[in-house]
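# Coordinate inspection notes
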Amino acid sequence: MSDFLTPSRLSPTIRKFQRLLAPMDNARLEALAQESAAATRRNFGKAIRLFAPLYLSNECINNCQYCGFSRDNAILRVTLDVAEVMKEARHLAREGFRNILLVAGEHPRFVSSGYLEECVRALAAEIPTIALEVAPMEVHEYAPLVAAGAEGLVVYQETYDRSVYAEMHTSGPKKDFDWRLACPERAYEAGFRRIGIGALFGLAEWRTEAVALAQHLEHLLRRCWKAQFTISLPRLRPCAGEFEPRHRFEDREMVQLICALRVCFPHVGLVLSTREPAALRDALAPLGITTMSAGSHTEPGGYTGAGQENLHLTTRGKAVSAGTLAPDTLATGQFEIADERSPAQVAALLKSCGLEAVWKDWDAAILDGSAAFSRD
Ligand code: SF4
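Cut-offs applied
Residues numbered from 1 in each chain as written. Predicted model: local features only at pLDDT ≥ 70, side-chain atom pairs only at ≥ 80, totals over all residues. Heavy atoms only, no water. Helix = DSSP H or I, 4+ residues; strand = E, 2+ residues; numbered from the N terminus. Rg over C-alpha atoms; globule rule 2.2 N^0.38 Å. Buried < 20%, exposed > 50% of the residue type's maximum accessible area, 1.4 Å probe, protein only. Contact = heavy atoms within 4.5 Å. Areas by Shrake-Rupley, 256 points an atom, 1.4 Å probe, with all protein chains shown as cover. Lys, Arg positive; Asp, Glu negative; His and termini not counted. Charge placed at Lys NZ, Arg CZ, Asp CG, Glu CD. pLDDT = per-residue confidence, 0-100. Pairing = 2+ DSSP bridges. Axes fitted to C-alpha atoms, helices over the stretch in contact; angles between N-to-C directions. Core = buried A, V, L, I, M, F, W, Y, C linked by side-chain atoms within 4.5 Å. Salt bridge = Lys/Arg side-chain N within 4 Å of Asp/Glu carboxyl O.

Here we take up the overall build of the protein chain. Regarding its fold elements, the protein chain presents 13 helices and 14 strands. Computed over its C-alpha atoms, the radius of gyration of the protein chain comes to 20 Å, within 12% of the 21 Å expected for a compact globule of 376 residues. A principal-axis box enclosing the C-alpha atoms of the protein chain has dimensions of 60 × 50 × 40 Å. Split into buried and exposed, the 376 residues of the protein chain put 56% on the buried side. Considering only contacts in the protein chain between residues 6 or more positions apart, those separated by 24 or more positions represent 77%. Here the protein chain displays about 16,100 Å² of accessible surface, and carbon together with sulfur accounts for 52% of that area. The averaged location of the 46 negative side-chain charges in the protein chain is 5 Å from the averaged location of its 42 positive side-chain charges.

Attention now moves to the side chain of Ser293. One can find Ser293 in strand E11 (residues 291-293). Residue classification places Ser293 among the buried residues on the basis of a relative accessible area of 2%. Once residues within four sequence positions are removed from consideration, Ser293 is found in contact with Phe51, Pro53, Leu272, Ser273, Thr274 and Arg281.

Low pLDDT marks regions whose predicted coordinates should not be analysed in detail. Of all residues in the protein chain, 95% attain a pLDDT of 70 or more, and the chain-wide mean is 93. pLDDT under 50 marks residues 371-376. Its contacts with residues more than four places away, or in other chains, come to six contacts.

Let us look at the pairing of strand E12 (residues 312-315). Where strand E3 (residues 75-77) meets E12, three bridges bridge the pair, whose relative direction is antiparallel. Across the sheet, the residue bridging to Leu76 is Leu313, located in E12. Across three bridges, E12 lies against strand E13 (residues 318-320) in antiparallel orientation. Looking at E13, one finds that Leu313 is bridged to Val320.

Strand pairing in a sheet relies on backbone hydrogen bonds. The paired strands run either parallel or antiparallel. The strand order across the open sheet formed by three strands is E3-E12-E13, and the pairing between neighbours is antiparallel. Here the strands that pair on one side only, and so sit at the sheet edges, are E3 and E13. For this sheet, the mean inter-axis angle between neighbouring strands, taken without regard to orientation, is 55°.

What follows concerns the nonpolar core. Taken as a class, soluble globular proteins show a tendency for nonpolar side chains to be buried jointly. Grouped together as the largest cluster of nonpolar side chains are 99 residues, with contacts concentrated most on Phe17 and Leu257. Among the elements that line this core, the one with the most residues is helix H10 (residues 251-264), at nine residues. Excluding residues within four positions of it along the chain, Phe17 makes contact with Ala210, Val211, Ala214, Leu257, Ala260, Leu261 and Cys264. Core analysis: the second largest hydrophobic core is formed by 22 residues, Phe51, Tyr55, Ala131 and Tyr156 among them.

We now examine the environment of Val82. Tracing the backbone shows Val82 in helix H3 (residues 82-95). Through-space distance from the C-alpha of Val82 to that of Arg207 is 42 Å; in sequence the pair is 125 residues apart.

Here we take up the pattern of salt bridges. Tallied over the entire structure, the rule returns 18 salt bridges. For Arg180, the salt bridge identified is with Glu158, shortest N-O distance 3.6 Å. Of this pair, Arg180 sits in helix H7 (residues 177-181) while Glu158 sits in the loop between strand E6 (152-154) and helix H6 (162-168); the two residues are 22 residues apart in sequence, bridging distant segments of the chain. Glu158 matches Arg180 in its accessibility class, with the two residues each being buried. The residue Arg246 makes a salt bridge to Glu167 at a minimum N-O spacing of 2.8 Å. With Arg246 in the loop between strand E9 (228-232) and H10 and Glu167 in helix H6, this pair connects stretches of sequence that are 79 residues apart. One network of salt bridges, with partners in common, ties together Arg281, Asp282, Asp339 and Arg341.

Laid out in structure tokens, this is it:
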């Protein structure tokens, strides 16, 4: 089923993409950046969609070597209840967000599909755009989440190198490379209209990873032609477990990759998160990016302190004594944020670059023709 990843079967678009990833001098990179910026403005105007991640739970039954939430890590964990999720969401709404990405570790007991459905249903009454970044599911498990109001699904393959994947995912359901690889197609079949894919850069050699990611994208664009796709290029950040990147992926290479993706896939959204430092985000925003997070927290309850009273220390899947916690202690985050500016500061920066921060570009009423657009 993953024939589309075969290196010998490269389409003309992927061959062009490969050529644009080759080492290049500054003048050539500058020309590529200009071409990318022009293609972005032509296809997306000046709009940059802003979103915020809302972490529901950091419980996880998988061991992914690069992730702070790995089962074996001794960290403070919590799963927010629906009221706590709403508290976090209302805080984000007050900051301006109308586009929220719900994130959770993989734990069938704490993060069941019923729990996710309840969260989505409660949020959908107040938040117009809801996406999920949660454990891969079957089509029949996704369908109720779509019906409850989730319109987007994000699932990163992490690495397309099967041997690196096997080394990184040592236990838990995530070990199954093919089950994860087919997840975007299951999400499409279930009715998600926005689908995000990506790779975690730093695990494998970046050019090889990027070509495989582009092959996956090309395959999905052919198969799932009614959906909108976004690509994310997260780089490894410090986290519990202290995993060190295996491969370098420098800022200059990231610029080149983003511009090459834009030139080869002009209609695909490109996402940039707060994993990247402010200066690099500011430089990349006009070149090809269409979607950015801002003011992010990667710990459940990180925006308001919700769920603090239920924190518990877990290691190797077992609760152990955490001793007495300071009153303002939060759950452990997935990774450290690099751009710590507030959403308002990020929006102001975009404006100063001639770009427009878009907090909301979708309303369910569009589908029934009764939309009355407000400025919020
Ligand atoms: S990457 Fe996801 S599945 Fe892996 S440990 Fe982290 S939260 Fe769990």
